[in-house]
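Now for the letters of each chain:
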Amino acid sequence: MMFNQSAVRVRAGVKTDRGGNDMPDWSSAAVSRLTVTGLNIQPNSQTETVNEQRDAVITGYRVQSAEGIVPDIRATDRIEWNGQTFEVDGEVATWPDLFTDAAHHIEFAMKRATG
């Protein structure tokens, strides 16, 4: 049961600013949510910066989907998992199946900054 975890993909809606430009809208009424199952989420990195202004911690995780699960997750999305909200860190990699043109699974990193 390596792929027994789930998370919620949160995608921003779109709003127009005063200049007529499309901007992400992270308000609760504008976002869309998708529960994604069949994930393996493992610790990936942790850094801590301490100075007189603040203590900052960045925690990262590596996410991999099970074979045949290719959820719609983009670099601009956020992920809700384990009671916390993370940002997708970089592009989402789609791994091809060895014998067909189909996607086998995805992998991506996510991070959360506090402090």
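Residues numbered from 1 in each chain as written. Predicted model: local features only at pLDDT ≥ 70, side-chain atom pairs only at ≥ 80, totals over all residues. Heavy atoms only, no water.

Caption draft 1: Quick peek at the overall build of the protein chain. Each helix and strand counted, the protein chain has 0 helices and 8 strands in total. Counted from the first residue to the last, the protein chain has its helices and strands arranged as β-β-β-β-β-β-β-β. A burial count over the protein chain gives 29% of its 115 residues as buried. Of the charged side chains in the protein chain, 11 are positive and 16 negative; the average position of the first set lies 7 Å away from that of the second. (Helix = DSSP H or I, 4+ residues; strand = E, 2+ residues; numbered from the N terminus. Buried < 20%, exposed > 50% of the residue type's maximum accessible area, 1.4 Å probe, protein only. Lys, Arg positive; Asp, Glu negative; His and termini not counted. Charge placed at Lys NZ, Arg CZ, Asp CG, Glu CD.)

Caption draft 2: Structural view of empty space enclosed by the protein. Taken as a whole and assessed by the stated rule, the structure comprises 1 cavity of 30 Å³ or more. For the largest cavity, the calculated volume is near 40 Å³. Together, A7, V8, R9, V36, L39, I41, V63, I73, I79, F108 and M110 line the largest cavity. Broken down by secondary-structure element, the contributors of at least two residues to the lining of the largest cavity are β1 (5–11), β4 (32–50) and β8 (103–114). The class makeup of the residues in the lining of the largest cavity is 10 nonpolar, no polar and 1 charged. (1 Å grid on protein atoms, 1.4 Å probe; cavity = no way out; pocket = protein on both sides within 12 Å on 5 of 7 lines; lining within 4 Å. Points joined across faces, edges and corners; volume = space filled by probe spheres on them. Nonpolar A, V, L, I, M, F, W, Y, C, P; charged D, E, K, R; others polar.)

Caption draft 3: Main features of the sheet that holds β4. Reading around the barrel, the 6 strands line up as β1-β4-β5-β8-β7-β6 and close back on themselves, with antiparallel pairing between neighbours. Across this sheet, the average inter-strand angle for adjacent strands is 45°, counted without regard to direction. Across 3 bridges, β1 lies against strand β6 (residues 78–81) in antiparallel orientation. Across the sheet, residue V8 finds its bridge partner in β6, namely E80. (Pairing = 2+ DSSP bridges. Axes fitted to C-alpha atoms, helices over the stretch in contact; angles between N-to-C directions.)

Caption draft 4: Representation of the environment of W81. Tracing the backbone through its elements, the reader meets W81 in strand β6. If we skip the residues at most four places from it in the chain, W81 touches Q5, S6, A7, I41, Y61, F86 and M110. (Contact = heavy atoms within 4.5 Å.)

Caption draft 5: Expanded view of the pattern of salt bridges. Applying the stated criterion to the full structure yields 6 salt bridges. R9 serves as the salt-bridge partner of D72, at 3.7 Å between the closest nitrogen and oxygen. With a gap of 63 residues between them, D72 in the loop between β5 (55–65) and β6 and R9 in strand β1 connect regions that are remote in the sequence. Of the charged contacts, one joins E80 and R33 as a salt bridge, the two residues approaching to 2.9 Å between their closest N and O atoms. With E80 in strand β6 and R33 in strand β4, this pair connects stretches of sequence that are 47 residues apart. The class for E80 is partly exposed, based on a relative accessible area of 25%. Three or more residues joined by partner-sharing salt bridges are found here, namely R9, R11, D72, R74 and D77. (Salt bridge = Lys/Arg side-chain N within 4 Å of Asp/Glu carboxyl O.)

Caption draft 6: Structural context of the environment of A113. You can see A113 is positioned in strand β8. Remark: the alpha-carbon pair of A113 and V57, spanning 56 residues in sequence, is separated by 5.7 Å. Apart from the residues within four sequence positions on either side, A113 is in contact with V57 and I58.

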